[in-house]
Amino acid sequence: MNKTQKPVLVIGGGISGITTAVEIAEVGKEVILIEKEPYLGGNVVKFNNYFPKLCPPTCGLEINFRRIKQNPGINYFTSTEVVEIAGEKGNFKAKLKTEPLYIKNNCTACGKCAEVCPEERPNDFNYGFTKNKAAYLPHEMAFPYKYFIDDEYCKKESCNKCVEVCNYDAIDLNAKEEIREIEVSSVVIATGWKNYDASKIDNLNYSTSKNIITNVEFERFIASNGIGENKLLRLSDKNEPKKIAFVQCAGSRDENHLPYCSAVCCSASLKHALTIQELYPKSEIKIFYIDLRVAGRNEDFLVKVQNNKNIELIKGKVGKITETENNNLILEAEDILSGKKIKYEADMVVLATGIVPSNLNLNLEKDKNQFMLDIQTEGIIPVACSRKPMDVSSSVKDATAAALKAIQ
Ligand SMILES: Cc1cc2nc3c(=O)[nH]c(=O)nc-3n(C[C@H](O)[C@H](O)[C@H](O)COP(=O)(O)OP(=O)(O)OC[C@H]3O[C@@H](n4cnc5c(N)ncnc54)[C@H](O)[C@@H]3O)c2cc1C
């Protein structure tokens, strides 16, 4: 590889950005990987497990983190976003902004700062359903493995307790935001997705009913390091639900919300239903769907679900959910196959809300749903869920292809 060539900039440190970065660096070209969160791993790192093999997210990510650590060709910056890109293929200039990093890289993650920190914040890793301290480790497997201070909640010098207790002089409450100007040869956009805002779907009552959660929240409810620590608990009374309903296409394939299919929600709900059955074999599960779209190896889940007598697949769109006095939920749908109207009372509802592209405030070509178009200024390469919804294995393949394009 020509050492005089400029590095590649990869924006987004989820599974696709990480894959692109290591593939590029392992053929000898330098990479700058930036991530807006304080840790790498993207959405996958928040999952309980992931299909097709149902291994924990750390499975694939740990290997990649090791590849990053071992490769001096990858420079990564967390809590960092790009504010400007200009130029052309082979010769881009980008401006990066890093939030103030109050905890330095010599942090040993001993946790003393969090022990003495008096301020609490909503834990965004658990979608705000739990709290952690203003000085916090983002999660147990965080990469980089270091604490972070949330300056919206930290009282800085007026408190100073964390500084006093840190044995490594790793805290600087006067840290400022940093601006870096870099020159790169090409840019890979791996900014991924966020969940569609379920509160916009009025008829499904997500905002007002505590026992209605979304599919991404479900992952944190059930994860061993999550909200229920491997138990599924209703928020209203902390009881384990016995009857759980999944609402597919909650907002998806709906002109009023997302007109497209998010590609992964059916497989995700089948995965979730089987996870519940493993934990609570006596639970009753109903999955309301329009069409079941599962591809490749995920067909196996469908067969497993179809053979499970406690899980029923009902072809029918849920039109309405209402809450009862004891915080149960009544779902109303039309069973398309029997032609009958159904009312089903569940203890808990999971909305399979779809994927929307993350925001990236750069002047790039997008489709009408805000996904990046493949065709951009030459040398700018969108990848994986930034261009359309897809699962991890397709994202990894897409990322590998993007690495080759970026090198070329
Ligand atoms: C409920 C649910 C369950 C799923 N379960 C599975 C499963 O079991 N198996 C499977 O194969 N797939 C599953 N998926 C799909 C899987 O989540 C995606 O395939 C995967 O996350 C794609 O990775 P990505 O890197 O493209 O995006 P992401 O995981 O979204 O990562 C993007 C990264 O970019 C960062 N970023 C965003 N904007 C910026 C910016 N402006 N600047 C810097 N950084 C930025 C984000 O913080 C994030 O870290 C599921 C999806 C859903 C909705």
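Predicted model only: the values in this text are computed from it and were never measured.

**Topic: the sheet that holds strand β20 (residues 348–353)**
Piece 1. Strands sit in the order β13-β20-β14-β15-β16 across an open sheet of five strands; the sheet is parallel. Each edge of the open sheet carries a strand with a single partner, namely β13 (212–214) and β16 (311–315). When the angles between neighbouring strand axes are averaged without regard to direction, this sheet yields 20°.
Piece 2. By the bridge criterion, three bridges tie β13 to β20 in an arrangement that is parallel. Directly across from threonine 214, in β20, lies its bridge partner leucine 351.
Piece 3. Set on the sheet, helix α5 (residues 215–222) makes contact with β13 and β20; between it and β13 the angle comes to about 100°.
Piece 4. Packed on one face of the sheet, helix α6 (residues 265–279) meets β14 (243–250), β15 (284–289), β16 and β20 and runs near 175° to β14.

**Details of the site of the ligand**
Piece 1. Close contacts around the ligand come from 37 residues, with Gly12, Gly14, Gly42, Gly192 and Val392 the closest.
Piece 2. For the shell around the ligand, the elements supplying multiple residues, two or more each, are α1 (15–25), α5, α6 and α8 (392–407).
Piece 3. Taken together, the residues that form the shell around the ligand break down as 18 nonpolar, 13 polar and six charged.
Piece 4. Both of domain 1 (8–99 + 177–192 + 358–407) and domain 3 (196–355) provide at least three residues apiece to the shell around the ligand.

**What about the domain arrangement of the protein?**
Piece 1. By domain assignment, the protein separates into domain 1 (8–99 + 177–192 + 358–407), domain 2 (112–165) and domain 3 (196–355).
Piece 2. Distance between the C-alpha centres of domain 1 and domain 2: 26 Å.
Piece 3. At the interface, nine residues of domain 1 touch seven residues of domain 2.
Piece 4. Of the residues belonging to the side of domain 1 that touches domain 2, the class tally is five nonpolar, three polar and one charged.

**Considering the nonpolar core**
The tendency in soluble globular proteins is for nonpolar side chains to be buried as a group.
Piece 1. Ranked by internal contacts, the top residues of the largest apolar core, which has 118 residues, are Val188, Val247, Phe288, Val349 and Leu351.
Piece 2. Those residues within four positions of leucine 351 in sequence are excluded, and the remaining contacts are Ala198, Leu204, Tyr206, Ile212, Thr214, Asn215, Val247 and Ala250.

**As for the sheet that holds strand β10 (residues 178–184)**
Working definition: the strands of a sheet are paired by backbone hydrogen bonds and lie parallel or antiparallel to each other.
Piece 1. The antiparallel open sheet is built from three strands, whose spatial order is β4-β5-β10. The outermost strands of the open sheet, each flanked by one partner alone, are β4 (80–88) and β10. Neighbour to neighbour, the strand axes of the sheet diverge by 15° on average, direction disregarded.

**Here's the deal with unusual backbone geometry**
Piece 1. At the junction of phenylalanine 51 and proline 52, the peptide bond is cis and its omega measures out at 5° in the coordinates.
Piece 2. Here proline 52 lies in the loop between β2 (31–34) and α2 (58–70).
Piece 3. Geometrically, the link from phenylalanine 143 to proline 144 is a cis peptide bond, its omega value of 5° lying close to zero.
Piece 4. Within the element layout of this structure, proline 144 appears in the loop between β8 (135–136) and β9 (148–149).
Piece 5. Although it is not a glycine, asparagine 160 adopts a positive phi angle of roughly 65°.
Piece 6. For asparagine 160, the position within the fold is in the loop between β9 and α4 (161–165).

**Overview of the packing of α5 against α6**
Piece 1. Running from amino to carboxyl end, α5 crosses α6 at an angle of 30°, the nearest separation of the two axes being 11 Å. In this view, α5 runs roughly parallel relative to α6, as classed from their interaxial angle. Two packed elements cross with a definite hand, and for α5 against α6 that hand is left-handed. In contact with Asn215, Phe218 and Ile222 of α5, α6 contributes Cys265, Ala268, Ser269, His272 and Thr275.
Piece 2. Classifying every residue of the contact of α5 with α6 by side-chain character gives four nonpolar, four polar and no charged.

**Some remarks on the environment of asparagine 359**
Piece 1. Secondary-structure assignment places asparagine 359 in the loop between β21 (355–357) and β22 (380–382).
Piece 2. The exposure class of asparagine 359 is exposed, given the 10 C-beta atoms found within 10 Å.
Piece 3. The spatial distance from the C-alpha of asparagine 359 to the C-alpha of serine 386 is 9.3 Å, given a sequence separation of 27 residues.

**Topic: the pairing of strand β18 (residues 329–335)**
Piece 1. Where strand β17 (residues 318–323) meets β18, five bridges bridge the pair, whose relative direction is antiparallel. From the neighbouring strand, isoleucine 321 faces β18, where its bridge partner is leucine 331.
Piece 2. Connecting β17 to the next strand, β18, in antiparallel fashion are five residues, including asparagine 327 with a positive phi near 65°.
Piece 3. In sequence, β18 turns back onto strand β19 (residues 340–346) through a hairpin of four residues, with glycine 339 there showing a positive phi of about 75°.

Reading the values: the criteria
Residues numbered from 1 in each chain as written. Predicted model: local features only at pLDDT ≥ 70, side-chain atom pairs only at ≥ 80, totals over all residues. Pairing = 2+ DSSP bridges. Helix = DSSP H or I, 4+ residues; strand = E, 2+ residues; numbered from the N terminus. Axes fitted to C-alpha atoms, helices over the stretch in contact; angles between N-to-C directions. Contact = placed C-beta atoms within 7 Å. Near = placed C-beta within 6 Å. Nonpolar A, V, L, I, M, F, W, Y, C, P; charged D, E, K, R; others polar. Domains from an automatic or database assignment. Core = buried A, V, L, I, M, F, W, Y, C linked by C-beta atoms within 7 Å. Buried ≥ 20, exposed ≤ 12 C-beta atoms within 10 Å, placed from the backbone. Parallel < 35°, antiparallel > 145°, perpendicular 65-115°, else oblique. Left-handed = near helix turned anticlockwise from the far one by under 90°.

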